Amino acid sequence: MTSDHYVDEVVLVEELPSNSWVEGMVLRPNGEALLTRLDQPELHVVDPSVPDALPRLVHTFPDCSGVLNLCPLTSDKEEYAVITAMVDVEKVQFHTFTLWRLGITSDDAQSVEVSKIAALPDALLALGVIPVSDRILLLADSGKNCIWRVNITTGNMTLLVESDWMKAISDEDFFGLNRLRLVGHYLWFTNNSAGSLCRIPIELSEDPDVAVEIAGDVQLVSADIPHCDGLVISGDSKAAYMVNYVSGTLWRVDIDPSGRGSTVSIMENLVCPTAVELREADGKRKLYVVCCGEIEVGWVTEDDRRSWGDIAQINASVEVSVTVTEEVA
C-alpha cells in the first residue's frame, strides 16, 4: 500500500454476501456502516471494527426492487434520506424513484421509523444525494446530466445546474454524473464514464427554499479516474478519494491551490469497491471502503470484469485495517 499523507487507516468493509451490490454507505454515530443494496430493496448495517461480522437487515422498502443511495439529514436525530427505485441491474434499467426518511431509534438499529418524503417523477437516473440544509438535499441525476434541489418539506424538485461535464461520454456508457460532495466553497462531482472529478463554485443562500446557488463555471480537477465510484473530499480540500470498481483500485487525488489534481493509487486488488467514507475517530482519520461481491451487472462487461475467484487469495492477505506509516499532516 502506498503511504498516505491524509489518512491513518483504510478500513475495508467486505463482510458482504458475494452476490450483492452495495452502492451507498454512511457511517452511523456509533461507527457502524449503513449500506444500501442496489440489487435488493434493503438497507443493512455492519460493524467494520468486528472481523467476520455479518450484515444485519435494517429495513426492506416497499414498491421498489433496489436501494440506490442515502445520506444523513442535518437534524439532532439519527435520520437519513434514502433513494429507492425499480432496478434491473443486469439490464441496467432504473425507474420510479422515491425519496424516503428513515430514522433509527435504537443503537442496534433494530427499531426504525420510515416515512415517504416524495416521489421523484422528474428524475431519470438518481444516483447520488447529499444534504445542504435541514430542508434541502442535492440529487445527482445521471440520466438528465444535472443536479436537482429537493425540498424534503414539500417534495418539490428544482434544477440547480445542468452541464455537459455531467454527460456520459458515449451512447455505450451507462453512467455520467455519479457522486456529489459539498466541501469548502465548492460542489464537487464525479463523472463515471469520463473518469473525471470536477468542482463548481457555490454560494449559500439565506432563502431556506434555495439553500445554495451556483457561483461560477465547472472546473476540471482530474480526468484520469476511469470507472470512478464513491467520493470523499478532505476538509481542507487538498485530497479526494474514490475507487474503480472494475480494476479494484483505491485512488487519492492530490489537489493543489489552483484546483488541479494529480492521481495516486493507494490500494489495488480490491473486490469491486463502490463506496468510501472518511471519519476521524480516536485521533485518527479512517477511510472506509465498501467492497462488493461478484454479482453480474450490465455495466461491467466480461472483458472488464476481474474474477472474484481469481483474486480472492490476494485479498485474503489484505488486513481489514491497514495502518499507514506516515503521520497525518
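The structure this text deals with has already been given above.
Residues numbered from 1 in each chain as written. Predicted model: local features only at pLDDT ≥ 70, side-chain atom pairs only at ≥ 80, totals over all residues. Heavy atoms only, no water.

Novice: For this particular structure, what's the right way to read the overall build of the chain?
Specialist: When helices and strands are counted, the chain shows 1 helix and 25 strands. Relative to its full complement of 329 residues, the chain shows a buried share of 55%. Looking at the chain alone, contacts between residues at least 24 apart form 50% of all its contacts between residues at least 6 apart. (Helix = DSSP H or I, 4+ residues; strand = E, 2+ residues; numbered from the N terminus. Buried < 20%, exposed > 50% of the residue type's maximum accessible area, 1.4 Å probe, protein only. Contact = heavy atoms within 4.5 Å.)

Novice: I would appreciate a short explanation of the nonpolar core in the present structure.
Specialist: Inside soluble globular proteins, nonpolar side chains tend to come together where they are buried. Residues Leu35, Leu68, Phe94, Phe97, Leu99, Leu139 and Val290 are the most contacted members of the largest nonpolar core, which totals 47 residues. The biggest single contributor to this core is strand S7 (residues 79–88), with 4 residues. Not counting the four nearest positions on each side in its chain, Leu35 is found in contact with Val13, Leu16, Val22, Gly24, Met25, Glu42, Leu43, His44, Val46 and Val290. Counting residues in hydrophobic clusters, the runner-up holds 19 residues, among them Ile130, Leu160, Ile202 and Val218. (Core = buried A, V, L, I, M, F, W, Y, C linked by side-chain atoms within 4.5 Å.)

Novice: Got a minute to help me understand the environment of Val45 in this structure?
Specialist: Within the fold, Val45 resides in strand S4 (residues 42–46). Residues Val45 and Val58, spaced 13 residues apart in sequence, show a C-alpha to C-alpha distance of 6.5 Å. When neighbours within four sequence positions are excluded, Val45 is seen to be in contact with Arg28, Glu32, Ala33, Leu34, Leu54, Pro55, Arg56, Val58 and Ala109.

Novice: Quick question: what am I supposed to make of the sheet that holds strand S2 (residues 22–27) here?
Specialist: Adjacent strands of a sheet pair through backbone hydrogen bonds, lying either parallel or antiparallel. Within the open sheet, the 4 strands sit side by side as S2-S3-S4-S5. Their pairing is antiparallel. Edge strands, defined here as strands with exactly one partner in the open sheet, are S2 and strand S5 (56–60). For this sheet, the mean inter-axis angle between neighbouring strands, taken without regard to orientation, is 25°. Where strand S3 (residues 33–37) and S4 come together, 4 bridges link them in antiparallel fashion. Paired with Thr36 across the bridge in S4 is Leu43. (Pairing = 2+ DSSP bridges. Axes fitted to C-alpha atoms, helices over the stretch in contact; angles between N-to-C directions.)

Novice: Can you help me understand the layout of surface pockets in this one?
Specialist: Over the atoms rolls a probe the size of a water molecule, and its path tells where empty space is left. The space that makes up the largest pocket amounts to roughly 670 Å³. Lining the largest pocket are 36 residues, with Pro72, Ile130, Arg181, Val232 and Glu277 sitting closest to its centre. Of all the secondary-structure elements, those providing two or more residues to the lining of the largest pocket are S2, strand S6 (66–72), S7, strand S10 (126–131), strand S14 (177–183), strand S19 (228–233) and strand S23 (273–281). Looking at the lining of the largest pocket, the element that brings in the most residues is S23, giving 6 residues. (1 Å grid on protein atoms, 1.4 Å probe; cavity = no way out; pocket = protein on both sides within 12 Å on 5 of 7 lines; lining within 4 Å. Points joined across faces, edges and corners; volume = space filled by probe spheres on them.)

Novice: Can you help me understand the sheet that holds S10 in this one?
Specialist: Pairing is antiparallel in the open sheet, where 4 strands are placed in the order S10-S11-S12-S13. Of all strands in the sheet, those with a lone pairing partner are S10 and strand S13 (157–162), marking the two edges. Averaged over all pairs of adjacent strands, the angle between their axes in this sheet comes to 25°, without regard to strand direction. Relative to strand S11 (residues 136–141), S10 runs antiparallel, the two sharing 5 bridges. Its bridge partner lying in S11, Ile130 is registered against Leu138.

Novice: Just checking my understanding: could you explain the pairing of S13 for this structure?
Specialist: The side chains of a regular strand alternate between both faces of the sheet. Across 5 bridges, strand S12 (residues 146–151) lies against S13 in antiparallel orientation. Bridged to Arg149 within S13 is Thr158. A loop of 5 residues connects S12 with S13, the two strands running antiparallel in sequence, and Gly155 in this loop sits at a positive phi of about 85°.

Novice: Just checking my understanding: could you explain the side chain of Asn151 for this structure?
Specialist: Within the fold, Asn151 resides in strand S12. Looking at Asn151, its side chain comes within polar contact range of the main-chain nitrogen of Thr153, at 2.8 Å. Looking at Asn151, its side chain comes within polar contact range of the side chain of Asp209, at 2.9 Å. With sequence-adjacent residues up to four places away left out, Asn151 is seen in contact with Arg135, Ile136, Asn156 and Asp209. (Polar contact = N/O pair within 3.5 Å; in protein donor to acceptor, adjacent residues only side chain to side chain.)

Novice: Could you clarify how one ought to interpret unusual backbone geometry in this entry?
Specialist: Note: most peptide bonds trans; most residues except glycine with negative phi. One non-glycine residue, Thr96, adopts positive backbone phi at about 60°. Tracing the backbone shows Thr96 in strand S8 (residues 93–104). Judged by relative accessible area, Thr96 falls into the partly exposed class, the value being 46%. Look at Cys272: it is not a glycine, yet its phi comes out positive at around 50°.

Novice: Sorry, what's going on with the pattern of salt bridges here?
Specialist: Opposite charge on two side chains permits pairing when their charged atoms draw close. A complete count under the given rule lists 13 salt bridges for this structure. In this structure, Asp4 engages Arg252 in a salt bridge whose closest nitrogen and oxygen atoms are separated by 2.9 Å. You can see Asp4 sitting in the segment before strand S1 (9–13) and its partner Arg252 sitting in strand S21 (residues 249–255), a full 248 residues away along the chain. With relative accessibility at 4%, the residue Arg252 sits in the buried group. Across the pair Asp229 and Arg179 runs a salt bridge, and its minimum N-O distance is 3.0 Å. Taken as a pair, Asp229 in strand S19 and Arg179 in strand S14 lie far apart in primary sequence, 50 residues in all. Across this residue pair, the class does not change: Asp229 and Arg179 are buried. A single network of salt bridges, built from pairs that share partners, joins Arg28, Glu32, Arg56 and Glu78. (Salt bridge = Lys/Arg side-chain N within 4 Å of Asp/Glu carboxyl O.)

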